[in-house]
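What follows is each chain in one-letter form.
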Amino acid sequence: MISTNDFKTGVTVEIDGDAWQVVEFQHVKPGKGAAFVRAKMRNLCTGAVVERTFNAAERLPNAEVVRREMQYLYENDGMYVFMDNETYEQIELNKDQLSSAMNFLKENMNVKISSFDNRILGVELPNTVELTVVETEPGIKGDTATGGNKNATMDTGYVVKVPLFINEGDVLRIDTRTGEYIERA
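Fair warning: this is a prediction, and the values are worked out from it, not measured in the lab.

Draft legend 1. Representation of the pairing of strand E9 (residues 90-94) within the structure. Of the two faces of E9, only one is covered, namely that formed by Ile 91 and Leu 93; the face formed by Gln 90, Glu 92 and Asn 94 stays uncovered. Pairing of strand E8 (residues 79-84) with E9, which is carried by five bridges, proceeds in the antiparallel orientation. Considered in E9, the bridge of Val 81 is made with Glu 92. From the end of E8 to the start of E9, which pair antiparallel, there are five residues, and Tyr 88 there has a positive phi angle of about 65°.

Structural data, given as structure tokens:
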């Protein structure tokens, strides 16, 4: 059990059988009446974000979110296969469960799969990945006065804006949180 007075960003609690994560919180002490905690919370099962108010010192059960290190193996007919690094057990996830993570998945990449109550919540990628440019317009020498960008298609099919000097075959470091180009690797 965790008290609402102990809320911190990232804390997970169980409410009505679902796992909820605290996104923002504010402890309020009005001039009249009892103190309360106003929290913006994300439902980890559905992704919905709501604002809730709790009495100060209200106690909620901890949500036991399990994060397992797994390796991405391959994609087969829209199903993405992952293997547990310890037990060698394999699970399949569909595109809905992966959401934007499938833009950055490469075979043999290690990721963390989070689950709650035997339900898969999502995939946690490393902060950066290295992807290879497979298609982009050629850079024209001297065409840097505007400092412009161009589109580049990566080996996973993801399209990212890159500087004009990037060419096909370059390996780029991409931020998985924002989806933006960082640097050449």
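Back to the text.
Draft legend 2. Here's a closer look at the side chain of Asp 18. With respect to the helices, strands and loops of the structure, Asp 18 is situated in strand E3 (residues 18-28). On the basis of relative accessibility, which here comes to 19%, the residue Asp 18 falls in the buried class. A polar atom in the side chain of Asp 18 sits 3.2 Å from the side chain of Asn 43. Those residues within four positions of Asp 18 in sequence are excluded, and the remaining contacts are Val 13, Asn 43, Cys 45, Phe 116 and Arg 119.

Draft legend 3. A look at the sheet that holds E3. What the four strands build is an open sheet, ordered E2-E3-E4-E5; its pairing is antiparallel. With one partner strand each, in any of the chains shown, strand E2 (12-15) and strand E5 (49-55) form the two edges of the open sheet. In this sheet, adjacent strand axes meet at a mean angle of 45° when their direction is disregarded. Inspection of the sheet shows E2 paired to E3 by four bridges, in the antiparallel sense.

Draft legend 4. Representation of the nonpolar core. Ranked by size, the top nonpolar core spans 27 residues in total, and within it Phe 82, Leu 105, Val 123 and Ile 174 carry the most contacts. Where this core is concerned, the elements lending two or more residues are strand E7 (66-76), E8, E9, strand E10 (110-116), strand E12 (128-136), strand E13 (149-154), strand E14 (159-163) and strand E15 (171-175). Sorting elements by how many residues they give to this core places E12 first, with three residues. Setting aside chain neighbours within four positions, we find Ile 174 in contact with Phe 104, Asn 127, Thr 128, Val 129, Leu 131, Tyr 158, Val 160, Gly 179, Glu 180, Tyr 181 and Ile 182. If you look at the next biggest cluster of nonpolar residues, it comprises 12 residues, including Ile 2, Phe 7, Trp 20 and Val 37.

Draft legend 5. Broad picture of the pattern of salt bridges. Applying the stated criterion across every chain, the model contains 10 salt bridges. Arg 68 serves as the salt-bridge partner of Asp 84, at 3.5 Å between the closest nitrogen and oxygen. Separated by 16 residues along the polypeptide, Asp 84 in strand E8 and Arg 68 in strand E7 bring together distant segments of the chain. A salt bridge links Glu 89 to Arg 68, with the shortest nitrogen-to-oxygen separation between them at 4.0 Å. Of the two residues, Glu 89 sits in the loop between E8 and E9 while Arg 68 sits in strand E7, which places them 21 residues apart along the sequence. Relative accessible area serves as the criterion here: at 38%, Glu 89 is assigned to the partly exposed category. Take Arg 68: its relative accessible area is 28%, and that puts it in the partly exposed class.

Draft legend 6. Main features of the packing of aromatic side chains. Throughout the structure, instances matching the rule amount to four aromatic pairs. Put simply, the rings of Tyr 72, Tyr 80 and Phe 82 touch in pairs and so form one group of aromatic residues. Directly above the aromatic system of Trp 20 lies the positively charged group of Arg 52, at a separation of 6.0 Å from the ring centroid.

Draft legend 7. Broad picture of the environment of Cys 45. Inspection of the secondary structure puts Cys 45 in the loop between strand E4 (36-43) and E5. Each C-alpha atom, one on Cys 45 and one on Trp 20, is 8.1 Å from the other, the two residues being 25 residues apart in sequence. Not counting the four nearest positions on each side in its chain, Cys 45 is found in contact with Asp 18, Ala 19, Phe 116, Arg 119 and Leu 121.

Calculation notes
Residues numbered from 1 in each chain as written. Predicted model: local features only at pLDDT ≥ 70, side-chain atom pairs only at ≥ 80, totals over all residues. Heavy atoms only, no water. Buried < 20%, exposed > 50% of the residue type's maximum accessible area, 1.4 Å probe, protein only. Helix = DSSP H or I, 4+ residues; strand = E, 2+ residues; numbered from the N terminus. Pairing = 2+ DSSP bridges. Polar contact = N/O pair within 3.5 Å; in protein donor to acceptor, adjacent residues only side chain to side chain. Contact = heavy atoms within 4.5 Å. Axes fitted to C-alpha atoms, helices over the stretch in contact; angles between N-to-C directions. Core = buried A, V, L, I, M, F, W, Y, C linked by side-chain atoms within 4.5 Å. Salt bridge = Lys/Arg side-chain N within 4 Å of Asp/Glu carboxyl O. Phe/Tyr/Trp six-rings, centres within 6.5 Å; stacked < 30°, edge-to-face > 60°. Lys NZ or Arg CZ within 6 Å of the ring centre and 35° of its normal.

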